[in-house]
Amino acid sequence: MQAYSDNLEFEMAAKTRDRINAIKRLTEKQKVVFSGDETKDVFSLARREDEICFNVLRFTEGRMTGSANFFTELDESLENTRSEILERFYSTHTDIPKLVVLDGECENSGLLAQWLSDLRGTKVEILVPKRGRQLEVVSMSKNNAYEALAQKRSRSKADSAV
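Reading guide: rules and limits
Residues numbered from 1 in each chain as written. Predicted model: local features only at pLDDT ≥ 70, side-chain atom pairs only at ≥ 80, totals over all residues. Heavy atoms only, no water. Patch = residues over 30% accessible without salt bridge, like charges linked within 9 Å, V, L, I, M, F, W, Y side chains within 5 Å. Areas by Shrake-Rupley, 256 points an atom, 1.4 Å probe, with all protein chains shown as cover. Salt bridge = Lys/Arg side-chain N within 4 Å of Asp/Glu carboxyl O. Lys, Arg positive; Asp, Glu negative; His and termini not counted. Charge placed at Lys NZ, Arg CZ, Asp CG, Glu CD. Helix = DSSP H or I, 4+ residues; strand = E, 2+ residues; numbered from the N terminus. Buried < 20%, exposed > 50% of the residue type's maximum accessible area, 1.4 Å probe, protein only. pLDDT = per-residue confidence, 0-100. Contact = heavy atoms within 4.5 Å.

## A closer look at a negative patch on the surface
- On the surface, a cluster of negative charge is made up of Glu76, Glu79, Glu105 and Glu107.
- Inspection of the secondary structure puts Glu76 in the loop between strand 3 (63-73) and helix 3 (78-92).
- On the basis of relative accessible area, Glu76 is assigned to the exposed category, the value being 67%.

Here it is, written out as structure tokens:
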């Protein structure tokens, strides 16, 4: 950044400064997310009309070990759609955590928790946080879902323009 400034390349210096600040913000957010020692999956959704993107963040011993997006359409209700995506997800993933954190209620959450507990062999809790650290992680997951939905829509528009 200083070299660009010394060479009077102020636009490049500003771009470099902005990149450095973006990296600093990213690492600050990661410090919040990675604190703690829980193993959990965090699900949230983004919705635009009838199109929905689910984001799942997977944590093992407090460290994020994976992230994925799933696209679907609205079923009968958001609660039903959440239940269906959880059933599909855990039908193909055998590493079920003790804690599943959601951004909203799901249909038949008691039955779903029992099913997950049976698959895991120990109790699984389904939590919809109202405040605190869990809600911060849900917000991060929700932001990821909205970003993935926006990217999908922009790709669709670009494909249809070609």
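## A word on the confidence of the model for the protein
- Here the protein averages 85 in pLDDT, while 85% of its residues score no lower than 70.
- Mean pLDDT across the elements of the protein bottoms out in helix 1 (residues 2-6) (66) and peaks in strand 4 (residues 99-102) (97).

## A look at the environment of Ser141
- Secondary-structure assignment places Ser141 in helix 5 (residues 133-161).
- With a relative accessible area of 0%, Ser141 lands in the buried category.
- Expressed as a C-alpha distance, the spacing of Ser141 and Asn55, which sit 86 residues apart in the sequence, is 6.0 Å.
- Apart from residues lying up to four places away in sequence, Ser141 is in contact with Val42, Phe43, Ser44, Asn55 and Leu57.

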